[in-house]
Amino acid sequence: MAQPPRPPVDPIVASVIQHRLLAIVGEMGEAMLRTSYSQILNSSRDFSTAICDLDGRLVAQAEHVPIHVGALPYAAKAMTEFFAGDIHEGDVFLLNDPYHGGNHLPDLTAFVPVFAGDRPRFWSINRAHQSDIGGATHGAYNAAATDIWQEGIRITPLRLYDRGVVRRDLLQMIATNVRHPRDFRGDLAAMIGSAHVGERRLLTLAGEFGWPVTDAAIEAVLDGAERQTRAEITRWKDGIYRGEALLDDDGRGHNDIHIRATVTKRGSDLTIDLSDSHEQVASFVNSSYPNMYSAVVVALSYLIDPQTPKNDGTFRPITVIAKPGTVVWANPGAPVTLATNHCAQEILEAIVKALAPACPDRAMAGWGRRFRIAIQGKDPRANIPGGKPFIWHFFQARPGGGASPAGDGWPGAGEWQAAGGIKFGSLEVTEVRFPLFFRRHEFRPDSGGKGKYRGGPGGVVEMVVETAEPAVGNTAGDGVRHGACGILGGIDGVPHRYTLFSEGQPPRPIRTKEVGIEIDPGDVLVLESGGGGGWGDPASRNRDATARDIENGFITPSTAEG
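Residues numbered from 1 in each chain as written. Predicted model: local features only at pLDDT ≥ 70, side-chain atom pairs only at ≥ 80, totals over all residues. Heavy atoms only, no water.

A. Structural context of the nonpolar core. One finds Ile 347 and Leu 355 to be the most contacted residues of the largest nonpolar core, which totals 115 residues. Contacts of Ile 347, omitting those with residues within four sequence positions, involve Ile 259, Leu 274, Met 292, Ala 295, Val 296 and Val 328. Of all hydrophobic cores here, the second largest spans 22 residues; its members include Ile 375, Phe 438, Ile 517 and Leu 527. (Core = buried A, V, L, I, M, F, W, Y, C linked by side-chain atoms within 4.5 Å. Buried < 20%, exposed > 50% of the residue type's maximum accessible area, 1.4 Å probe, protein only. Contact = heavy atoms within 4.5 Å.)

B. Molecular detail of the packing of helix α5 (residues 168-176) against helix α6 (residues 181-209). α6 packs onto α5 with a crossing angle of 130° between their chain directions and a minimal axis gap of 9 Å. When the axis of α5 is compared with that of α6, the two are oblique. As α5 runs across α6, the sense of the crossing is right-handed. Touching Leu 171, Gln 172, Ile 174 and Ala 175 of α5 are Pro 181, Phe 184, Arg 185 and Leu 188, all from α6. (Axes fitted to C-alpha atoms, helices over the stretch in contact; angles between N-to-C directions. Helix = DSSP H or I, 4+ residues; strand = E, 2+ residues; numbered from the N terminus. Parallel < 35°, antiparallel > 145°, perpendicular 65-115°, else oblique. Left-handed = near helix turned anticlockwise from the far one by under 90°.)

C. Molecular detail of empty space enclosed by the protein. This model, assessed by the stated rule, comprises four cavities of 30 Å³ or more. Residues that form the lining of the largest cavity fall into these classes: six nonpolar, seven polar and four charged. (1 Å grid on protein atoms, 1.4 Å probe; cavity = no way out; pocket = protein on both sides within 12 Å on 5 of 7 lines; lining within 4 Å. Points joined across faces, edges and corners; volume = space filled by probe spheres on them. Nonpolar A, V, L, I, M, F, W, Y, C, P; charged D, E, K, R; others polar.)

D. Region of the structure containing the sheet that holds strand β4 (residues 107-116). Read from one edge to the other, the open sheet built from seven strands follows the order β2-β1-β5-β4-β3-β6-β7, with strand pairing classed as antiparallel. Each edge of the open sheet carries a strand with a single partner, namely β2 (58-61) and β7 (165-166). Contacting β1 (47-53), β2 and β5 (119-129), helix α1 (residues 11-35) runs over the sheet at an angle of about 140° to β1. (Pairing = 2+ DSSP bridges.)

E. Main features of the environment of Leu 95. Take Leu 95: it is sitting in strand β3 (residues 92-95). Judged by relative accessible area, which is 0%, Leu 95 ranks as buried. Sequence separation between Leu 95 and Asp 118 is 23 residues, and the spatial gap between their C-alpha atoms is 24 Å. Not counting residues within four places of it along the chain, the set of residues in contact with Leu 95 comprises Ala 75, Met 79, His 100, Gly 101, Gly 102, Asp 107, Leu 108, Thr 109, Phe 111, Arg 127, Ile 155 and Pro 157.

F. Examining α1 more closely. Under the 1.5 Å per step criterion, the end-to-end length of α1 is 36 Å for 25 residues, consistent within 8% with the ideal 36 Å. Those residues of α1 that are buried are in contact with α2 (39-42), β1, β2, β5, α6 and α7 (211-234). The N-cap residue of α1 is Asp 10: its side-chain oxygen and the backbone nitrogen of Ile 12 are 2.8 Å apart. (Expected span 1.5 Å × (residues − 1). Polar contact = N/O pair within 3.5 Å; in protein donor to acceptor, adjacent residues only side chain to side chain.)

G. Quick look at the pattern of salt bridges. Tallied over the full model, the rule gives 41 salt bridges. Put simply, Arg 230 and Glu 226 hold a salt bridge, and the shortest N to O gap is 3.0 Å. Residue Arg 230 and its partner Glu 226 are located together in helix α7, separated by four residues, close to a single helical turn. Judged by its relative accessible area of 18%, Glu 226 falls in the buried class. Counted as one network, the salt bridges with shared partners bring together Asp 249, Glu 346, Glu 349, Lys 353, Arg 369, Asp 478 and Lys 513. (Salt bridge = Lys/Arg side-chain N within 4 Å of Asp/Glu carboxyl O.)

H. Focus on the packing of aromatic side chains. Within this structure, the stated rule accounts for 16 aromatic pairs. Relative to Phe 438, the ring of Trp 392 lies with its centre 6.5 Å away and its plane at 65°, an arrangement referred to as edge-to-face. Taken as a pair, Trp 392 in strand β13 (residues 388-393) and Phe 438 in strand β14 (residues 436-443) lie far apart in primary sequence, 46 residues in all. For Trp 392, a relative accessible area of 0% corresponds to the buried category. Ring geometry for Tyr 453 versus Trp 535: centroids 6.0 Å apart, planes at 35°, classification tilted. One end of the pair, Tyr 453, is in the loop between β14 and β15 (459-465); the other, Trp 535, is in the loop between β20 (524-528) and α11 (543-552), and 82 residues separate them in sequence. For Tyr 453, a relative accessible area of 24% gives the class partly exposed. Put simply, the rings of Phe 82, Phe 83, Phe 93, Phe 111 and Trp 123 pair up and form one aromatic cluster. Lying across the ring of Trp 211, Arg 121 places its NZ or CZ 5.6 Å from the centre. Taking NZ or CZ as reference, Arg 370 lies 4.8 Å from the ring centre of Phe 395, over its face. (Phe/Tyr/Trp six-rings, centres within 6.5 Å; stacked < 30°, edge-to-face > 60°. Lys NZ or Arg CZ within 6 Å of the ring centre and 35° of its normal.)

Below you can see the structure in the form of structure tokens.
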């Protein structure tokens, strides 16, 4: 059936509405930052906000955590389909299941419907990483998991508020399944409040311009993003390109899990074929389809003009081909918790490597990989018998960012799939909240890959665990065997190196995928993160830049001479 013609919209009005939409999702993020309970949210900012329509089209997103956003349309569509004809004002919905549009189980998503009259038109969305989501290990990342049921509670499309009234039994059931229910309830309330901010602001916008003009402007914004993206892709050289990235291992003794991208570029279209990737493994490095698709669109987002809005129109030039049963598209039930980091980062790395010859002035080098440690224990400083239980997630000493045609990589910027969207937490606040003492927190010299432009240095943390009884750690990450990739002649960044020092024991290297690490009172952790990859031929580097690097301590004189 033919669609009715859209009413014309003034370009200036469309631009105003576009920027208002961006302001709305930005304000949603600020509300979340100021009201959430957990340090992972109110300090490290591991959340994202967005607006989708009921068909699942991404209308606007804030610049928070890129890997979250490409999966949100699948979640919005799943929610619309499940509750079709049964969505009401005042409802609030939840979802975290990776096979229904979630990224991984810790990323809980809250949906608030936005109504035009008596009809729901949009979803106001907040996706936020919970400090715990149940499962077999604290902090959600279970390196020992062989299926998703060992990773945490799965929430398929669920109505938490019915016409403004909370379903207390459901809330109690979910909170009972996480280790720190008070913090969980506070974070969930912040998420819902953030989504309601988006609802109110979008209704105000429509009240000012009217729904017909607002709708027409949104369509114009989406179409404009498509035109801008296609115009950029058209400038690239046509051809068939291939790229490969390797994960260190699957945590089960199998090394070099490969992800291969074959990218066909014709005119303004890109076909990205990931079918030749490694078969799925019995490990949490697998990805669901929505998370894989999100990694693909993140790769495209890094290759186009940063001023182009990232929405449904931006991603229309892409066709994705993938094979079920591979590590990039695991069959339902496979464990996937690490996938937002790895294999997501390797998916986008393979795509960027493939397309670098087609658009060398756009391609950046790899960013450092994620290596997270979570510690569960009891804080003896609290006035509670036995101490106050805590779970601490390591977000300090971020790895270095990759270099690009624009210059050196950012120091301590974090991982590629987050692109600086996740911050390291305040050391002082961390020491107040947790029984930890930081002896040092500094950049790691010589960790960035050499190139015409140098990769950003990673970081070093040396900290003492000041518990009164043993704590337990688990890890989740990659990048001890393979550092961040150099590109177009640049050198790879230095890999991670994490070490546990216990009195009377030899130093213990910490692996990237471990559970049940005993951490005794007074133990010292030295956590050295990898640097970003270099861009271009190192012989072309400006000598003055090298001298500044030595002066700033980013490289040592002996390395500069090598």
